[in-house]
Amino acid sequence: MRYRQLTTGSLALGVILLIDVLRVWLPGIITIFGQAASTPAELMGAFALGWFVLAAAAPALVRRVGARPVTVTAAVVLAAARLALTATPGGRVQLWLATAGLLAGLVWLVGVAGGIDRPVPGLALGLAVNAALHALLDTYDLAWRSDWMAWLLSSVAVGAFLFATAARGAPPGPGGARSWLLAGPVLLLAGMVALAPALAQTAMSYLVADDGVASSPLFGLAPVPVAVAGFLLAALAGPPSRRWGRAVGPVAVLAGAVLFALDNGDLLLAAIPLTAIGLGACLALTDGVGGAGRALTDDASGADPRADAASAVGPAHADAAGGSATPAGVGVGEAGRVAALRAAARRGYAVAAGMLVFVLAAVAYYSAYDLGYPNGAVPVVVAGLIAAVAFTSRPVVGPPAGQRPAGSLAALPTTAVVTALAMLAPVFADKVGVSTNRDGPPKEITVVAYNIRMGFGLDGRFDLPALTAAIDRQQPDVVLLSEVDRGWLLNGGHDTLDLLADRLDMPYVFGAAADAVWGDAVLSRWPIEDERTLRLPAVGAPTGAQALAVTLNFSDGVRCAVVSTHLQPPPGGGPVVQARAVVDFATEYAAGRPLVVGGDLNTEPGDEAFGKFTEAGLVDALAAGRPLATSPADDPRQEIDHVFVSPGLTPSGPVAPPGTASDHLPVAVTLTLPPR
């Protein structure tokens, strides 16, 4: 492998490791450093922003010490942190390991930027391969697994990254700053929309249900290979020659971001490929070394014309670029060396600025769910920035016919290989639980209601085995879930609902609350029909709320209505208005059939909001077990998770089994159905 391809591979591997670290670090902000809805969003945002601001000083460090020692040292720390995270230690140890990996990854990016003027192939390959692997792992990353396979694959990735980093690359040309500037914004939109397998799966689930709800899809990950292929092909094929063609990428990425920002699940399937193709095309528009006639190529013998350029600028250039030192006093002298240093510095500051855009936009988008301001403009503004930088980039003069620019990848073969990897995901990672009627209607059913905090336990670990066990040991027939995350980048980009449904072997129905990928769900071992959702009045609460109603078909004409909800109290008050809205919606939906209403209701027995359910004639199914505190999980003092039933259902055995798989305890109760 030539050094330039090795450098491209090193960049791609580093991007993969950095994204892995981000998928652990980002959730740690709200599950370990702070607590969502209790720790001020401004404080959590300042913590997140501070590390990216600190990394912005890295270009000055590179200029003083040299790119290579900074890059190699940062790469070693990044690799060590990523490998240590495979142990998923939880708590502050996990947070600080992830923070060390993040900071090292940012410094590593700055160092690499000094030595690579054509980062697009490496960036695009890293983003695409990471998405394909994330899909193949069904969005449950190796960093959260601690089995031997996770250790083996993580070690291989880390070893390959360090090996590729150890190789010295050829000195760069003077350009590349625009490509590096886009690294952060592209990473944000790729993780939120374009190359987000969890979002793709959620988009597919909206296709198989009506009235704004989502259900278990078949081949839910099918959009991922399409997005990966569109992104890679657009990024690696090079910029279009016609002027009108240069507008395709910017228009596509803006259109995709707008569709995503409209917060409609039915539009996600169109938003994903549009954004993916747009991001790839925008990267292609910035690709090149900058300046006419400077697109350097490999000749047939493998010689590198940049060797002459390296000799021309002397050792200062080589060190700033991270390449091999060349004899001093050769070529254009001091002016060339200064120009080379300035070019390397521009690239370093560009990537640092781009990563600042990443964290600022991420904080601005997700803080809205605590602070209560509209956030739909954030992805559109980021897309606009990407489009503007790409469209205003000057086309570069390409290599002679039949030759590729140095460090480039063959578009079709590379796209075919990575797409083939992504195509394995719908075949091997997809699993859909099947509900089938048992012999005759049941005499009783067990209901579990659980606020799962997006799948993160009190120690900040994304611990699916613990979460699954907390539910499965109750042998439930119906599960009502609150705080279900289906693809927030802030929470690591997992489809927690699909992962949990796979392990419980229960199909699901999902109702969006805060946005199209965050809300409540019902899982059932019995067939579900007539799904409906009602968006509840906000009454000053920043996070959205909804009520999801489904009908369980027990066969032989026996039906039961179930409503899952998560009430959000306004500042300083109780969720009285939302409780009344849920009661009216649920009783009208049930239309005299047996009714179950449950979830995290954020109200305690004796509160006015709690009374709205009992005043409507519903029965507290957990009354026999009172007091039955469920929050916080490690020292439960509040009784805020509830199950209410219509008088015809007889509750028994209510429990709130202990555990720390979430910040709430689940509640479980057995309901005897009325005689036929």
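Use the structure listed above.
Residues numbered from 1 in each chain as written. Predicted model: local features only at pLDDT ≥ 70, side-chain atom pairs only at ≥ 80, totals over all residues. Heavy atoms only, no water.

Caption draft 1: Spotlight on the overall build of the chain. When its secondary structure is counted, the chain shows 21 helices and 13 strands. Taking all contacts inside the chain whose residues are at least 6 apart in sequence as the whole, residues at least 24 apart take part in 77%. Carbon and sulfur atoms form 63% of the exposed surface of the chain, whose accessible area is close to 24000 Å². (Helix = DSSP H or I, 4+ residues; strand = E, 2+ residues; numbered from the N terminus. Contact = heavy atoms within 4.5 Å. Areas by Shrake-Rupley, 256 points an atom, 1.4 Å probe, with all protein chains shown as cover.)

Caption draft 2: A look at the pattern of salt bridges. The tally for this structure, following the rule as stated, stands at eleven salt bridges. Between Arg-461 and Asp-463 there is a salt bridge; the shortest N-O distance is 3.4 Å. With its nearest N and O atoms 3.1 Å apart, the salt bridge here joins Arg-626 to Glu-639. Of this pair, Arg-626 sits in the loop between β10 (619-620) and β11 (641-645) while Glu-639 sits in the loop between β10 and β11, placing them 13 residues apart in sequence. On the basis of relative accessibility, which here comes to 21%, the residue Arg-626 falls in the partly exposed class. Glu-639 sits in the buried class, given a relative accessible area of 13%. Each of Asp-620, Arg-626 and Glu-639 takes part in salt bridges that share partners, so that together they form one network. (Salt bridge = Lys/Arg side-chain N within 4 Å of Asp/Glu carboxyl O. Buried < 20%, exposed > 50% of the residue type's maximum accessible area, 1.4 Å probe, protein only.)

Caption draft 3: Representation of empty space enclosed by the protein. Here the structure, examined in full by the defined rule, presents eight cavities of 30 Å³ or more. Computed from the structure, the second largest cavity encloses a volume of approximately 190 Å³. In terms of lining, the second largest cavity is formed by 18 residues, of which the most central are Ile-19, Arg-23, Ala-190, Gly-191 and Leu-489. For the lining of the second largest cavity, the elements supplying multiple residues, two or more each, are α1 (3-33), α6 (120-136) and α9 (183-194). When residues in the lining of the second largest cavity are grouped by element, the largest group, four residues, is from α6. (1 Å grid on protein atoms, 1.4 Å probe; cavity = no way out; pocket = protein on both sides within 12 Å on 5 of 7 lines; lining within 4 Å. Points joined across faces, edges and corners; volume = space filled by probe spheres on them.)

Caption draft 4: Representation of the sheet that holds β11. Taking strand neighbours across the sheet as the criterion, the six strands line up as β6-β7-β8-β9-β11-β10 in an open arrangement whose pairing is mixed. Both edges of this open sheet fall to β6 (528-535) and β10, since each of them pairs with a single strand only. As judged from the seven bridges shared by strand β7 (residues 546-553) and strand β8 (residues 559-566), these two strands associate in the antiparallel manner. Residue pairing in the sheet places Asn-553 in a bridge with Arg-559 of β8. (Pairing = 2+ DSSP bridges.)

Caption draft 5: Examining a nonpolar patch on the surface more closely. Side chains of Trp-148, Met-149, Leu-152, Leu-153 and Val-156 sit close together on the surface and give an oily, nonpolar patch of about 510 Å² of accessible area. Tracing the sequence through the fold places Leu-152 in helix α7 (residues 148-166). The class for Leu-152 is partly exposed, based on a relative accessible area of 43%. (Patch = residues over 30% accessible without salt bridge, like charges linked within 9 Å, V, L, I, M, F, W, Y side chains within 5 Å.)

Caption draft 6: Spotlight on the pairing of strand β4 (residues 508-515). In terms of residue burial, β4 counts as a mostly covered element, since eight of its eight residues are buried. Relative to strand β5 (residues 518-524), β4 runs antiparallel, the two being bridged by six bridges. In the sheet register, Ala-512 faces β5, and the bridge partner there is Gly-519. Linking two consecutive strands that pair antiparallel, namely β4 and β5, is a turn of two residues.

Caption draft 7: Quick look at the packing of helix α4 (residues 67-85) against helix α5 (residues 91-115). Where α4 contacts α5, the two axes come as close as 8 Å, and the packing angle between them is 150°. In terms of axis orientation, α4 runs roughly antiparallel to α5. As for the relative orientation of α4 and α5, their crossing is left-handed in sense. Taking contact as the criterion, the partners of Ala-67, Val-70, Thr-71, Ala-74, Ala-75, Val-77, Leu-78, Ala-81, Ala-84 and Leu-85 in α4 are, on α5, Gln-94, Leu-97, Ala-98, Ala-100, Gly-101, Ala-104, Gly-105, Val-107, Trp-108, Gly-111 and Val-112. (Axes fitted to C-alpha atoms, helices over the stretch in contact; angles between N-to-C directions. Parallel < 35°, antiparallel > 145°, perpendicular 65-115°, else oblique. Left-handed = near helix turned anticlockwise from the far one by under 90°.)

Caption draft 8: Broad picture of the layout of surface pockets. A volume near 590 Å³ is recorded for the second largest pocket. Lining the second largest pocket are 27 residues, and of these Leu-13, Ile-16, Val-129, Leu-133 and Ala-157 lie nearest its centre. When residues of the lining of the second largest pocket are traced back to their parent elements, those giving at least two are α1, α6, α7 and α17 (411-428). With seven residues, α1 is the largest single contributor of residues to the lining of the second largest pocket. Of the residues contributing to the lining of the second largest pocket, the split by class is 18 nonpolar, five polar and four charged. (Nonpolar A, V, L, I, M, F, W, Y, C, P; charged D, E, K, R; others polar.)

Caption draft 9: Seen up close, the sheet that holds strand β3 (residues 478-485). Taken in spatial order, the seven strands make up an open sheet running β1-β4-β5-β3-β2-β13-β12, and their pairing is mixed. The open sheet has two edge strands with one neighbour each: β1 (213-215) and β12 (650-655). Taking each pair of neighbouring strands and ignoring which way they run, the sheet shows an average axis angle of 20°. Looking at chain direction, β1 and β4 are connected through three bridges and run antiparallel. If you follow Ser-215 over to β4, its bridge partner there is Val-509. With respect to the sheet, helix α10 (residues 197-207) is in contact with β1 and β4, its orientation differing from that of β1 by roughly 105°. Against the sheet, helix α19 (residues 496-504) contacts β3, β4 and β5, and its axis sits at roughly 150° relative to β3.

Caption draft 10: Main features of the environment of Gly-9. Tracing the sequence through the fold places Gly-9 in helix α1. Gly-9 gets classed as partly exposed once you look at its relative accessible area, which sits at 22%. Each C-alpha atom of the pair Gly-9 and Pro-121 lies 8.9 Å from the other, and the pair is 112 residues apart in sequence.

Caption draft 11: Looking closely at the nonpolar core. Judged by nonpolar contacts, the single largest core of 153 residues is most densely connected at Trp-25, Trp-180, Leu-481 and Leu-523. When residues in this core are grouped by element, the largest group, 15 residues, is from α1. Those residues in contact with Trp-180 that lie beyond four places of it in its chain are Leu-11, Leu-109, Val-112, Ala-113, Ile-116, Pro-119, Leu-123, Arg-347, Ala-350 and Val-351. Of all hydrophobic cores here, the second largest spans 31 residues; its members include Ala-449, Val-478, Leu-622 and Leu-628. (Core = buried A, V, L, I, M, F, W, Y, C linked by side-chain atoms within 4.5 Å.)

These values are about where atoms sit, not about what they do.
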